[in-house]
Amino acid sequence: MQLKLAKYAGFCFGVDRAVRMAEEKAKEQLLYSLGSVIHNESVMHRLTQEGLVSLDSLDEMTEERPVVIRSHGEGPQVYELLKEKGLKIIDTTCPYVLKVHRLIKEHSETGKDVFLLGDSQHPEVRGSLAWGSENTRVLDDLDAIRSVSVSDKATVLLAQTTLTEEFWEEAKKLLGERRKNLETINTICSATRERQEEAAQLAKEVDLMIVLGSRKSNNTLKLVEICKKHNKQVLHFENSSEMIGNDIVNYGTIGITAGASTPAWLIQEVIEVLNNYGKEQHFSMENLSMKDMLDQQDFSAPKKNEILKGNRTAM
Ligand code: SF4
């Protein structure tokens, strides 16, 4: 059995930054967070033990504690309400998401129709939408695009940061047929793009692909979707205990990737379980130690000007 761990697996820059910021502040004082800082129960458990209470509504925040805004971001009304309540804000909104907020605000203020491609139920999309006007709308799927009125009105299309490039390209083309005066700004973040491209490549090369991460994590589910396009054998686990009972030992080469909210220790745990499976199976890790593999993971911040410039294309 051979294991191949994706270089871009697990925590992305934005999640790593958010967890670190929350952890640092939790060491100093008790905190609230508006929703889970990260879609991972064990990381949330650790943060809770360190003094963070995650609540879904501002009304429940009855004590004077700083409030963590998670990397998904929030709408302007939430900042106003927190200000009214006199609560300090620890803003961990990912810079990529802030860019979407800024673009939605700027373009909707000029009177354009602004469409955000993504999952309308996802907190990132709900928060982003709140920066727009009555002319700002979410497009969940291709059917929603087909229902957009045909018009010459100036229109802008943006993307939820964790979408697949394939869906973006399809949506751009379809909306372009209904809106001739369309500007498209691809706001899929580079961490998502790198993970998806690498997962697709790895899935093509291996006999079995394992994707690790929460079933609530949008980017993990997208990785599963992408891997399934390139390999019939794909397993999705939230943790190592879910591996029990799965027929894993019979595969020659196993690829592993993980969503942006999957901590490195969970990846390590799964590798250890596979390692133990493989002891009687002449296990080899392509000359890489586990430490080497984890050291190769990339938590790097966006490159200089990457967020501010973005990629603009007009159709
Ligand atoms: S997936 Fe992208 S946008 Fe989301 S937190 Fe990570 S880096 Fe930021």
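Predicted, not measured: the structure shown is a model, and the values here were computed from it.

In this section: the sheet that holds strand 10 (residues 208–212). Pairing within the open sheet is parallel, and its 4 strands lie in the order 1-12-10-11. The two strands at the open ends of the sheet, each matched to only one other strand, are strand 1 (2–5) and strand 11 (234–237). Within this sheet the neighbouring strands show an average axis-to-axis angle of 20 degrees, counted without direction. Relative to strand 11, strand 10 runs parallel, the two sharing 4 bridges. In the strand pairing of strand 11, isoleucine 210 is matched with leucine 235. Along the sheet face, helix 8 (residues 190–205) touches strand 1, strand 10 and strand 12 (253–258) and points at about 165 degrees away from the line of strand 12. Strand contacts of helix 9 (residues 218–230): strand 10, strand 11 and strand 12, with the helix running at about 170 degrees to strand 10, the strand carrying the most contacts.

A few words now on the site of the ligand. The local shell around the ligand holds 15 residues, among which Cys12, Gly14, Cys94, Thr161 and Cys189 are the closest. Mapped by element, the contributors of at least two residues to the shell around the ligand are helix 1 (13–28), helix 4 (95–109) and helix 8. In terms of residue count, helix 1 provides more of the shell around the ligand than any other element does, 3 residues in total. Here the residues of the shell around the ligand sort into 9 nonpolar, 6 polar and no charged.

In this structure, Ala22, Val68, Leu117 and Leu158 are the most contacted members of the largest nonpolar core, which totals 46 residues. Mapped onto this core, the elements with two or more residues apiece are helix 1, strand 2 (31–34), helix 2 (41–49), strand 4 (67–69), helix 4, strand 6 (113–117), strand 8 (155–159) and helix 7 (165–178). The element contributing the most residues to this core is helix 1, with 6 residues. Apart from the residues lying within four places of it in its own chain, the contact partners of leucine 117 are Leu139, Leu157, Leu158, Ala159, Gln160, Leu163, Trp168 and Ala171. Listed in part, the 29 residues of the second largest apolar core include Ile210, Val234, Phe237 and Ala258.

Reading guide: rules and limits
- Within each chain, residue numbers correspond to sequence positions counted from 1 in written order.
- In keeping with the predicted nature of the model, local features appear solely for residues at pLDDT of at least 70, side-chain atom pairs appear and are counted solely at 80 or more, and the whole-chain, interface and lining totals rest on all residues.
- DSSP-based pairing: two strands are paired if at least 2 bridges between them are found.
- Helix and strand labels come from DSSP, where a helix needs a run of H or I of at least four residues and a strand needs a run of E of at least two; each type is numbered from the N terminus.
- Every axis in this analysis is a line fitted to C-alpha atoms, fitted for helices over the stretch in contact. Angles between the N-to-C directions lie between 0 and 180 degrees.
- Here contacts are defined at the residue level, using C-beta atoms placed from the backbone and a cut-off of 7 Å between them.
- Whether a residue is near a molecule or strand depends on its C-beta atom, placed from the backbone, lying within 6 Å of it.
- Residues are grouped as follows: nonpolar covers Ala, Val, Leu, Ile, Met, Phe, Trp, Tyr, Cys and Pro; charged covers Asp, Glu, Lys and Arg; every other residue, Gly included, is treated as polar.
- Residues enter a nonpolar core if they are buried, belong to Ala, Val, Leu, Ile, Met, Phe, Trp, Tyr or Cys, and are joined to the set through C-beta atoms within 7 Å.
- Field definition: a residue is buried when 20 or more other C-beta atoms are found within 10 Å of its C-beta, exposed when 12 or fewer are, and partly exposed for counts in between, with C-beta atoms placed from the backbone.

Just distances and angles here, no functional claims.
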